[in-house]
Amino acid sequence: MTPQNGGIINGAKTKLAVNIGGIAMKNPVATASGTFGFGSEYAPYIDLNLLGALVVKGITLQPRAGNPTPRLVETTAGVLNSIGLQNPGVERFVGELLPGLAGYDLPVIVNIAGDTIQDYGQLAARLDRAPGVAGLEVNISCPNVKKGGMQFGSDPDMAAEVTRVVKAGTGKPVIVKLSPNVTSIVAIAEQVARAGADALSMINTLLGLAIDLKTRRPVLGNGLGGLSGPAVKPVAVRAVWQVYREVKLPIIGMGGIITAADAIEFILAGATAVALGTANFVNPRATMDVLAGIKRYMIENEVQDINELVGAAHR
Amino acid sequence: MTPQNGGIINGAKTKLAVNIGGIAMKNPVATASGTFGFGSEYAPYIDLNLLGALVVKGITLQPRAGNPTPRLVETTAGVLNSIGLQNPGVERFVGELLPGLAGYDLPVIVNIAGDTIQDYGQLAARLDRAPGVAGLEVNISCPNVKKGGMQFGSDPDMAAEVTRVVKAGTGKPVIVKLSPNVTSIVAIAEQVARAGADALSMINTLLGLAIDLKTRRPVLGNGLGGLSGPAVKPVAVRAVWQVYREVKLPIIGMGGIITAADAIEFILAGATAVALGTANFVNPRATMDVLAGIKRYMIENEVQDINELVGAAHR
Amino acid sequence: MLITDAVVINQEEIIPGFFRMTMSAGEVAKNARPGQFLHVRCADALDPLLRRPVSIHAVDREKGEVALFYRVAGRGTALLAAREKGDRINILGPLGRGFTRPESSGKVSVAAGGIGIAPLYFLLQELSLINTYANVFLGAATKKQLFFSSEIEALGHSVFPATDDGTAGYHGTVVELFTQNLSDTVYGCGPAGMLKSLCRILEQYKIRGEVSLEERMGCGVGACLSCACKTVSAGENYRYSRVCVEGPVFPAGEVVWA
Amino acid sequence: MLITDAVVINQEEIIPGFFRMTMSAGEVAKNARPGQFLHVRCADALDPLLRRPVSIHAVDREKGEVALFYRVAGRGTALLAAREKGDRINILGPLGRGFTRPESSGKVSVAAGGIGIAPLYFLLQELSLINTYANVFLGAATKKQLFFSSEIEALGHSVFPATDDGTAGYHGTVVELFTQNLSDTVYGCGPAGMLKSLCRILEQYKIRGEVSLEERMGCGVGACLSCACKTVSAGENYRYSRVCVEGPVFPAGEVVWA
Ligand SMILES: Cc1cc2nc3c(=O)[nH]c(=O)nc-3n(C[C@H](O)[C@H](O)[C@H](O)COP(=O)(O)OP(=O)(O)OC[C@H]3O[C@@H](n4cnc5c(N)ncnc54)[C@H](O)[C@@H]3O)c2cc1C
Ligand SMILES: Cc1cc2nc3c(=O)[nH]c(=O)nc-3n(C[C@H](O)[C@H](O)[C@H](O)COP(=O)(O)OP(=O)(O)OC[C@H]3O[C@@H](n4cnc5c(N)ncnc54)[C@H](O)[C@@H]3O)c2cc1C
Ligand SMILES: Cc1cc2nc3c(=O)[nH]c(=O)nc-3n(C[C@H](O)[C@H](O)[C@H](O)COP(=O)(O)O)c2cc1C
Ligand SMILES: Cc1cc2nc3c(=O)[nH]c(=O)nc-3n(C[C@H](O)[C@H](O)[C@H](O)COP(=O)(O)O)c2cc1C
Ligand code: FES
Ligand code: FES
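Rules of the game
Within every chain, residues take consecutive numbers counted from 1 along the sequence as written. Going through the entries in the order they are written, you letter the chains from A and number the ligands from 1. Only residues with pLDDT of 70 or above have their local features reported here, since the model is predicted, and side-chain atom pairs are shown and tallied only from 80 upward, although totals for entire chains, interfaces and linings are computed over all residues. Note that water and hydrogens are dropped before the side-chain values are worked out from all heavy atoms of the structure. A helix here means a DSSP run of H or I that spans at least four residues, while a strand means a run of E at least two residues long, and both kinds are numbered starting from the N terminus. Each radius of gyration is computed over the set of C-alpha atoms, and the globule rule expresses the reference value as 2.2 Å times the number of residues to the power 0.38. Buried means the residue's accessible area, taken with a 1.4 Å probe over protein chains only, is under 20% of the maximum for its type, while exposed means over 50%, and partly exposed covers the values in between. Throughout, a residue-residue contact means that at least one pair of heavy atoms, one from each residue, lies within 4.5 Å. The protein chains shown are the only cover counted for residues, whose accessible areas, like all others here, come from Shrake-Rupley with a 1.4 Å probe. Segment limits for the domains were obtained from an automatic or database-derived domain assignment. Two parts placed together each lose some accessible area under a 1.4 Å probe, and adding up what both lose gives the buried area. Within this document, salt bridges are pairs made up of a side-chain nitrogen of Lys or Arg and a carboxyl oxygen of Asp or Glu, the two lying within 4 Å of each other. Between rings of Phe, Tyr and Trp, where Trp is taken as its six-membered ring, a pair exists when centres lie within 6.5 Å; planes separated by under 30 degrees are stacked, by over 60 edge-to-face, and by other angles tilted. For this description, a residue counts as near a given molecule or strand if any of its non-hydrogen atoms is within 4 Å of it. What qualifies as a polar contact is a pair of N or O atoms within 3.5 Å, subject to a donor-acceptor requirement within protein and to the restriction that residues adjacent in sequence count only when both atoms come from side chains. DSSP bridges decide pairing: two strands pair if at least two such bridges lie between them. Least squares is used to superpose the copies, and the fit set is the C-alpha atoms of residues whose pLDDT is at least 70 in both copies. Gly counts as polar in this scheme, as do all residues outside two lists: the nonpolar Ala, Val, Leu, Ile, Met, Phe, Trp, Tyr, Cys and Pro, and the charged Asp, Glu, Lys and Arg. Only buried residues count toward a nonpolar core, which is a set of Ala, Val, Leu, Ile, Met, Phe, Trp, Tyr and Cys residues joined through side-chain atoms within 4.5 Å.

*Asks:* Describe the overall build of chain C, with residues and values.
*Replies:* Scanning chain C for helices and strands turns up 6 helices and 16 strands. Its C-alpha atoms give chain C a radius of gyration of 17 Å, within 12% of the compact-globule value 18 Å for 258 residues. Over its C-alpha atoms, taken along the principal directions, chain C stretches across nearly 50 × 45 × 35 Å. Taking all 258 residues of chain C together, the buried fraction comes to 55%.

*Asks:* Describe the overall build of chain A, with residues and values.
*Replies:* From N to C terminus, chain A includes 9 helices and 18 strands. The C-alpha atoms of chain A give a radius of gyration of 18 Å, which matches the 20 Å a tight globule of 315 residues would have. Seen along its three principal axes, the alpha-carbon backbone of chain A occupies a region of about 55 × 45 × 40 Å. Within chain A, the fraction of its 315 residues that count as buried is 68%. Restricting the contact set of chain A to residue pairs at least 6 apart, pairs at least 24 apart contribute 70%. Accessible surface, chain A as shown: approximately 10,100 Å² in total, 50% of it carbon and sulfur.

*Asks:* Describe in detail the domain arrangement of chain C, supporting the description with residues and values.
*Replies:* Interfaces are often sized by the amount of accessible area the parts lose when they come together. Residue and element names in this part refer to chain C. Once the domains are mapped, chain C shows domain 1 (2-95) and domain 2 (108-214). Taken together, the contact pairs 17 residues of domain 1 with 14 residues of domain 2. Buried area between domain 1 and domain 2, both sides added, is near 1,400 Å², and the carbon and sulfur share of it is 71%. Among the residues of domain 1 in contact with domain 2, Pro-34, His-57 and Phe-69 are the three that bury the most area, contributing 38% of the side total. Viewed at the interface, domain 2 and domain 1 are joined by 2 salt bridges. We note a salt bridge from Arg-61 to Glu-126, for which the minimum N-O separation is 3.2 Å.

*Asks:* Before we move on, could you go through the packing of aromatic side chains and cite the residues and values that matter?
*Replies:* This model, assessed by the stated rule, comprises 30 aromatic pairs over all chains. Ring plane angle 85 degrees and centroid distance 5.5 Å describe the contact between A:Tyr120 and A:Phe152, whose orientation is recorded as edge-to-face. Highlighted residues: A:Tyr120 in helix α2 (residues 117-128) and A:Phe152 in helix α3 (residues 150-154), separated in sequence by 32 residues. The pair formed by A:Tyr120 and A:Phe152 is uniform in burial state, with each residue classed as buried. Of the aromatic side chains, those joined through ring pairs into one cluster are C:Phe18, C:Phe69, C:Tyr121, C:Phe147 and C:Phe148.

*Asks:* Describe the site of ligand 3, and please don't skip the residues or the numbers.
*Replies:* Residue and element names in this part refer to chain A. For ligand 3, the set of nearby residues contains 22 residues, the closest of which are Ser-33, Lys-177, Gly-229, Gly-256 and Thr-278. Lys-177 places a polar side-chain atom, nitrogen or oxygen, 2.7 Å from an oxygen atom of ligand 3. One nitrogen or oxygen atom from the main chain of Gly-256 is found 2.6 Å from an oxygen atom belonging to ligand 3. Protein contact buries 98% of the 610 Å² of open area that ligand 3 shows by itself.

*Asks:* Can you lay out the interface of chain B and chain A for me, pointing to particular residues and giving the numbers?
*Replies:* Contacts between the two partners involve 42 residues from chain B and, on the opposite side, 42 residues from chain A. For the chain B and chain A pair, buried surface summed over both sides reaches about 3,400 Å², with 65% attributable to carbon and sulfur atoms. Viewed at the interface, chain A and chain B are joined by 0 salt bridges. Scanning the region where chain B abuts chain A turns up 13 residue pairs in polar contact (both at pLDDT 80 or more). Taken together, the elements giving at least two residues each to the side of chain B that touches chain A come down to β13 (206-208), β14 (211-212), β15 (217-218), α6 (233-246) and α7 (260-269) of chain B. In terms of residue count, α6(B) provides more of the side of chain B that touches chain A than any other element does, 6 residues in total.

*Asks:* Tell me about the sheet that holds strand β9 (residues 108-112) of chain A, and name the residues and values.
*Replies:* Residues and elements named next belong to chain A. The 8 strands lie next to each other as β5-β18-β17-β12-β11-β10-β9-β6, forming an open sheet whose pairing is parallel. The sheet is open, and its two borders are formed by β5 (29-31) and β6 (54-55), each paired with just one other strand. Inspection of the sheet shows β5 paired to strand β18 (residues 273-276) by 3 bridges, in the parallel sense. Residue pairing across strands places Thr-31 opposite Leu-276, the latter belonging to β18.

*Asks:* Now, about the relation of the copies chain B and chain A: what can you tell me, with residues and values included?
*Replies:* Between chain B and chain A, which share one sequence, the superposing operator has a rotation angle of 180 degrees and an axial displacement of 0.0 Å; the RMSD is 0.0 Å. Viewed as a symmetry operation, the transformation between the two copies matches a two-fold axis. When you check the interface residues of chain B against chain A, 100% turn up at the interface there too, and the contact is symmetric in its surfaces.

*Asks:* Please give an account of the sheet that holds strand β13 (residues 208-212) of chain D that cites residues and values.
*Replies:* Residue and element names in this part refer to chain D. Pairing within the open sheet is mixed, and its 7 strands lie in the order β11-β10-β9-β8-β12-β13-β16. Pairing within the sheet leaves two strands with one partner each, and these edge strands are β11 (170-171) and β16 (249-251). Here strand β10 (residues 158-163) pairs with β11 via 2 bridges, running parallel. Bridge pairing in β11 places Thr-163 opposite His-171.

*Asks:* Before we move on, can you summarise the site of ligand 4 with the specific residues and values?
*Replies:* Residue and element names in this part refer to chain B. Residues in close proximity to ligand 4 total 22 residues, the closest being Ser-33, Lys-177, Gly-229, Gly-256 and Thr-278. Asn-139 places a side-chain nitrogen or oxygen 3.0 Å from an oxygen atom of ligand 4. Among the residues making up the shell around ligand 4, the classes are represented as 5 nonpolar, 15 polar and 2 charged.

*Asks:* Could you give an account of the interface of chain B and chain C, with specific residues and numbers?
*Replies:* Taken residue by residue, the interface counts 34 residues in chain B and 29 residues in chain C. Counting each side, the surface lost to burial between chain B and chain C is near 2,500 Å², with a carbon and sulfur contribution of 64%. The residue C:Arg52 makes a salt bridge to B:Glu74 at a minimum N-O spacing of 2.8 Å. The set of elements that each furnish at least two residues to the side of chain B that touches chain C consists of β7 (72-75), β8 (78-81) and α8 (279-282) of chain B. Here the side of chain B that touches chain C gets 3 residues from one element, more than from any other, and that element is β7(B). Class assignment for the residues of the side of chain B that touches chain C results in 18 nonpolar, 11 polar and 5 charged.

*Asks:* Requested: an account of the environment of A:Gly196, with residues and values cited.
*Replies:* All names here are of chain A. Tracing the backbone shows Gly-196 in the loop between α5 (185-194) and β12 (199-202). A residue is classified by how much of its surface remains accessible, and Gly-196, at 26% relative accessible area, is partly exposed. Sequence-distant contacts of Gly-196, defined by excluding residues within four places in its chain, comprise Thr-163 and Lys-167.

*Asks:* A description of the pattern of salt bridges should follow, citing residues and the corresponding values.
*Replies:* Per the counting criterion, the structure on display carries 34 salt bridges over all chains. Among the ionic pairs, A:Glu161 bridges to A:Arg164, the shortest N-O distance being 3.4 Å. Of the two residues, A:Glu161 and A:Arg164 are both situated in helix α4 (residues 156-169); the distance of 3 residues between them amounts to about one turn of the helix. Under the relative-accessibility criterion, A:Arg164 is labelled partly exposed at 43%. Taking the shortest distance from any N to any O, the salt bridge between C:Glu210 and C:Arg208 comes out at 3.7 Å.

*Asks:* Describe unusual backbone geometry, naming the residues involved and giving the relevant values.
*Replies:* C:Pro48 follows C:Asp47 through a cis peptide bond whose omega is -5 degrees. Looking along the chain, the bond that leaves C:Gly93 and enters C:Pro94 is cis, with omega of 5 degrees. In this model, B:Leu85 sits at a positive phi of 55 degrees, which is unusual for a non-glycine residue. With respect to the helices and strands, the residue B:Leu85 is situated in the loop between β8 and α1 (89-101). Look at B:Leu85 and you get buried, because its relative accessible area is 5%.

*Asks:* Describe the side chain of C:Asn135, with residues and values.
*Replies:* Here C:Asn135 is to be found in strand β9 (residues 134-140). Those residues in contact with C:Asn135, other than ones at most four positions away along the chain, are C:Lys107, C:Val108, C:Ser109, C:Val110, C:Ser158 and C:Phe160.

*Asks:* Just give me the short version of the nonpolar core, but keep the residues and values in it.
*Replies:* One recurring pattern in soluble globular proteins is that nonpolar side chains are buried together. Among the nonpolar cores identified, the biggest contains 304 residues, and A:Ile294 and B:Ile294 are the most heavily contacted of them. Excluding residues within four positions of it along the chain, A:Ile294 makes contact with A:Leu16, A:Pro28, A:Val29, A:Ala260, A:Ala263, A:Ile264, A:Ile267 and A:Ile306.

*Asks:* Any details on the environment of A:Val79? Residues and values, ideally.
*Replies:* Mapping A:Val79 onto the fold places it in strand β8 (residues 78-81). For A:Val79, a relative accessible area of 2% gives the class buried. Sequence-wise, A:Val79 and A:Thr278 are 199 residues apart; in three dimensions their C-alpha atoms are separated by 7.6 Å. Apart from residues lying up to four places away in sequence, A:Val79 is in contact with A:Leu72, A:Val73, A:Glu74, A:Gly226, A:Leu227, A:Ser228, A:Thr278, D:Leu49 and D:Leu50.

*Asks:* Please set out the environment of C:Tyr238 residue by residue, giving values where relevant.
*Replies:* Looking at the element boundaries, C:Tyr238 is found in the loop between β14 (228-231) and β15 (239-242). Between the C-alpha atom of C:Tyr238 and that of C:Val255, which follows or precedes it by 17 residues, the distance is 9.2 Å. In this view, C:Tyr238 contacts B:Ala65, C:Lys230, C:Thr231, C:Val232 and C:Val256; residues no more than four positions away in its chain are not counted.

Right, here's the structure in full:
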């Protein structure tokens, strides 16, 4: 472990480096797809080099205009969104956006989504050739698109099939992002693991709805949306806890993390790394504050290596 | 409609009476099982006669001691509980608690839970003979018990089987209470409807977990718990919305209702009545405040009959 | 058993992190009995959501005032501490079963660990009204957390301090100190560990006692069964009692300790 | 583009429900341009969770002060209105693309509907600094919502009021009044309906204009794509632009109205 991998505060050495299915992260704090754009949007507020990993907005084969507005509405301690995977498509992503990230010293993970299983294969193959991609996060859990999305993540066999196709298309680490909108997230995780996934990330948003009392219609232009933020944290921690017990893959935990205490809760439940989504909207420096807080907790509790904490609540 | 069934404010007559699968409610505001005890606990704070219906704590065949403590922990805008169906058993309920409710002019709905399908049948038969029971709410969605509970609510066939057994055991209206912890709540609802349910109630709690950073163990004595409160409202409204579209049974909507606006959101989504759970903890008069707010909304928006609003967001 | 919008009369930080707040709430003052608590709405918004149980610490029936004594333990109590004179606070109560009166004869003691003095101070107020004076064993981690000694003495009671670090009074636990000064009746409140060892002593010496327990609460009125604690009555296997209605004060012998 | 803990200098309720709040925030004052906004954290707790976008209403660069002018629309703005002198407010900004300067020659107008004057007042401050004086069409439901007329006149501009109920000035909409007094450049802000009809007039008469739009926001920095609005550039099919970075001010001709 090199010195950059850790931090020395008050003379104590805390090892923060983690490995997510072959992706070396200097610390366990990543950004959640779709909430952090392509990184540069937040560069005025934080030093991106200090992040454990950057997970970019979901990318599809073809450009997408996204869903009608409104696309976002606040609920109690949460946010419902239906962005609808607006993105420039994989070609423009590789040509225009990826090069801008080359200057940073951090793993870039590309979140991919498809309408069909073939889409996923093509995306994997295209990104396998792209320089500067540390790994893929396979979004089989987006509640905001008509075709594909959550559908793939709700059926263990389809989830496995998508995983196999992506693995066949790339030599890079493959993280499969799971949906909480299922009867058994463990059953999905098991199939995805068997199909060759290198890691799991969870949770994507919970399917939700808000209705406007004035118009008497759904608030969001698209009707249903995905719920994120502190409201969903107990559900997310539970999902990580359940999957950690049964599946031996590293987990990126997310869903409602605002503070370091939240992040540590996920790690104790079994997450090797964490990602912050909605928190960035509340506080653009949230990732840095969480990182600092994790270090402080480790020092105060004499934890030398963050990996000691992973899944500690099961022991 | 008798005068008591409505309310006259500012000269406007608002019809509030609804019918839930044969249970006549003078207004659409009920209490959620497990949060309102057996009614008398709240009698010092509100006039129980003004409630649309009283749904009592879950009852099992045999008395239950419940789960180890702590049984409740607050999360952001929500509550995780794992009471574990502590209750005196159906015999003592019928003998000691039910008679105390006879003096009130409101339908008493008994929430029942079993370890086995046979349990449900026996509970239904026992309560069919009990005076003062307006209907049964079949809890196939409790996340806090080892056997039965949510398991029955996660499998469409088992859910249907429980429904059939209860219907066979009683002539009283049968409301089946659905779990949100499933891939398709519509699939469960459809099977339950086909099996003869008279109404549906939704949602029970979301399966969740909180971990204590000091002990590094789950906070609740039982580990996992059920999440309720404002945090879950978007998920609950979505569930009501989805089921209303596909299943032609009246719905009692619940999950995070605190204000009249919340209640109206459920009604617009398709609920014929609503129930308040966690809100009672925050404000013992919450049911009355919600009822008053619904009336106000109806008057302001010139809605003569609450039934006009049911499912209006779909039109 | 009321829902009241009480008005803050005074908010005082006794030592850092420990506050005494006086509120105007005439009906509550009139009806409250020692050992009862209020279920306090700390936030106006929905986060934190639940009320927080806080013991009734002192009562001035003439002025119609009620005082709380509390430690800032987390977000709810921090919000409480931020309330200022004139602010309104929604309270539910008085709730729960309080302490019972001591037998007319016999020596009475009170054993308080740290913030545990909160409900016991009200008891001491009431005892001195019936001319019953107690030995008050005040335990704390350190001297400055020995709260209200002079006020308690002003009520006519005798104070026996004990500190873990020996900075004042007996160097040791409040239960040890009590064991050296047994009485016929004892009222205890404090951390679970302290109450557990107190109950053991009471059992050993067959002393009548009552202890005030804490458990996480939902409703505060007996409806949700969140606040369960294990208790036994004669000949019974254990059962779960509700701290909010069967308690928070229990006969020492009925509590089943983990 | 900063995160600042600004200190409230003054909070003034102009008419019931409409507040002007001045904050000390030197760097923001220095860098702000008319039409930009701040993303304001209204709560300290997690409910309401998100920041709220509020336009920069006025700037005093010497004193390092920034003012907001806002209507209490819901919980976030209600919390904002509860802030008092000396309180700290976390703000993000200045954010977004503001108004562009008018051509050096030609008549300039400003069309404001109700609270829409918020960002336009800052623009009028800046215009008068470069000795450009505008016709300001102030529209409102009723007389008392014609905000800041005298301050605007004091800056050297001419005010043309219009009210829906005819209680002051022209009896009708601000767009009708503008149509009777066309100019070469116009800056507009107000309800969507007003801006839509303004844009139609601008297109009809080929007048250069810019309008400031609103959309629900998540991040405020271009990362989440929540704040999309449909726009077109020459020859293009529509696309979704981000109000927070490509806007909130857009050339009138680029906005696709629903
Ligand atoms: C009947 C009763 C009377 C009480 N009287 C007083 C009093 O007079 N003065 C006083 O200072 N406190 C009293 N308490 C304790 C007080 O209710 C808690 O300190 C308060 O609820 C903490 O709320 P919070 O939001 O500040 O902390 P939280 O953020 O909710 O929690 C802070 C920490 O305390 C733990 N915690 C919270 N509630 C409990 C609980 N009920 N049991 C065990 N651990 C808990 C949490 O896990 C966390 O570690 C009483 C409790 C009960 C049940
Ligand atoms: C760039 C920009 C600049 C703004 N500048 C100002 C300003 O200077 N002064 C001012 O008073 N307001 C301004 N607004 C509007 C302001 O952001 C909203 O009024 C505020 O966010 C409402 O928050 P709330 O919590 O008070 O209301 P909420 O409780 O969030 O909502 C209250 C009502 O407003 C609706 N609503 C909330 N946000 C929006 C939105 N963005 N678009 C449409 N409907 C919405 C809700 O559906 C609800 O009916 C601006 C908005 C934007 C995007
Ligand atoms: C506005 C928004 C856009 C999102 N877009 C994506 C996306 O493109 N791909 C994806 O896998 N997840 C997406 N998500 C889900 C987040 O990555 C994350 O799983 C979820 O928000 C839970 O984390 P949080 O509570 O920290 O936000 C999005 C979430 C939000 C709020
Ligand atoms: C403390 C507690 C106990 C509960 N017990 C039961 C129960 O016995 N049977 C049942 O069907 N639901 C039970 N529930 C679920 C509620 O009835 C309700 O479905 C859920 O809390 C969502 O509503 P709310 O957000 O308004 O609380 C319980 C909920 C809580 C918080
Ligand atoms: S707190 Fe609800 S029963 Fe005691
Ligand atoms: S608010 Fe996030 S992109 Fe504009």
